[in-house]
Amino acid sequence: MISYTPLYDPEKDVHVGVPKLQDAIDRARKVLDEKATANIHDKDDMIRAASGLDYVLRDLLAALDAQQDGAS
């Protein structure tokens, strides 16, 4: 069995706050633009891109969930 550290661990990576939806969208677009220039052949670039995109995607989904819960 191969040992590894997951990108996201729900027991350790607790979401502390939910951003406003528009802020989450703006941040996601900004990070997506930043990570678009990452070198696909560079392991470190790919790790930074994956972790940055994971973070903003989780914020975006949390903001969408909060909006949906508030609209119910």
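These figures come from a predicted structure and were not determined experimentally.

About the thresholds
- Residues numbered from 1 in each chain as written.
- Predicted model: local features only at pLDDT ≥ 70, side-chain atom pairs only at ≥ 80, totals over all residues.
- Heavy atoms only, no water.
- Helix = DSSP H or I, 4+ residues; strand = E, 2+ residues; numbered from the N terminus.
- Rg over C-alpha atoms; globule rule 2.2 N^0.38 Å.
- Buried < 20%, exposed > 50% of the residue type's maximum accessible area, 1.4 Å probe, protein only.
- Contact = heavy atoms within 4.5 Å.
- Areas by Shrake-Rupley, 256 points an atom, 1.4 Å probe, with all protein chains shown as cover.
- Lys, Arg positive; Asp, Glu negative; His and termini not counted.
- Charge placed at Lys NZ, Arg CZ, Asp CG, Glu CD.
- Phe/Tyr/Trp six-rings, centres within 6.5 Å; stacked < 30°, edge-to-face > 60°.
- Lys NZ or Arg CZ within 6 Å of the ring centre and 35° of its normal.
- Patch = residues over 30% accessible without salt bridge, like charges linked within 9 Å, V, L, I, M, F, W, Y side chains within 5 Å.
- Salt bridge = Lys/Arg side-chain N within 4 Å of Asp/Glu carboxyl O.
- 1 Å grid on protein atoms, 1.4 Å probe; cavity = no way out; pocket = protein on both sides within 12 Å on 5 of 7 lines; lining within 4 Å.
- Points joined across faces, edges and corners; volume = space filled by probe spheres on them.
- Nonpolar A, V, L, I, M, F, W, Y, C, P; charged D, E, K, R; others polar.
- Expected span 1.5 Å × (residues − 1).
- Arc of directions from axis to C-beta.

Caption draft 1: Seen up close, the overall build of the chain. Helices and strands together make up the secondary structure of the chain, namely two helices and zero strands. A compact globule built from 72 residues would reach a C-alpha radius of gyration of about 11 Å, whereas the chain, at 14 Å, exceeds it by more than 25%. Principal-axis analysis of the C-alpha atoms gives the chain an extent of 45 × 30 × 15 Å. The burial tally for the chain puts 15% of its 72 residues in the buried class. By sequence separation, contacts in the chain at least 24 residues apart represent 66% of the contacts at least 6 residues apart. Here the chain has roughly 6100 Å² of accessible surface; of this, 55% comes from carbon and sulfur atoms. Side-chain charges in the chain split into 9 positive and 14 negative, and the spacing between the mean points of these groups amounts to 4 Å.

Caption draft 2: Structural view of the packing of aromatic side chains. For the coordinates displayed, the defined rule picks out zero aromatic pairs. When the ring centre of Tyr8 is taken as reference, the NZ or CZ atom of Arg58 above it lies at 3.3 Å.

Caption draft 3: Layout of a nonpolar patch on the surface. A grouping of Leu57, Leu61 and Leu64 is seen on the molecular surface, where their side chains present a nonpolar patch of about 260 Å² in accessible area. You can see Leu64 is positioned in helix 2 (residues 43–71). Residue classification places Leu64 among the partly exposed residues on the basis of a relative accessible area of 40%.

Caption draft 4: Region of the structure containing the layout of surface pockets. The computed volume of the largest pocket comes to approximately 290 Å³. For the largest pocket, the full set of lining residues is Leu7, Tyr8, Asp13, Val14, His15, Val16, Gly17, Ser51, Asp54, Tyr55, Arg58 and Asp59. For the lining of the largest pocket, a count of residues per class yields five nonpolar, three polar and four charged.

Caption draft 5: Highlighting the environment of Lys30. Among the structural elements, Lys30 can be located in helix 1 (residues 21–35). C-alpha separation for the pair Lys30 and Val56, spaced 26 residues apart in sequence, amounts to 9.6 Å.

Caption draft 6: Main features of helix 1. The first and last C-alpha atoms of helix 1 sit 21 Å apart over 15 residues, in line with the 21 Å expected at 1.5 Å per residue. Here helix 1 has its buried residues at Ala24, Ala28 and Val31. What you see down the axis of helix 1 is that its buried residues fit within an arc of 75°, all on one side. Turned more than 90 degrees off the buried face of helix 1, the exposed positions are Arg29 and Asp33.

By themselves, these figures tell us nothing about what the structure is for.
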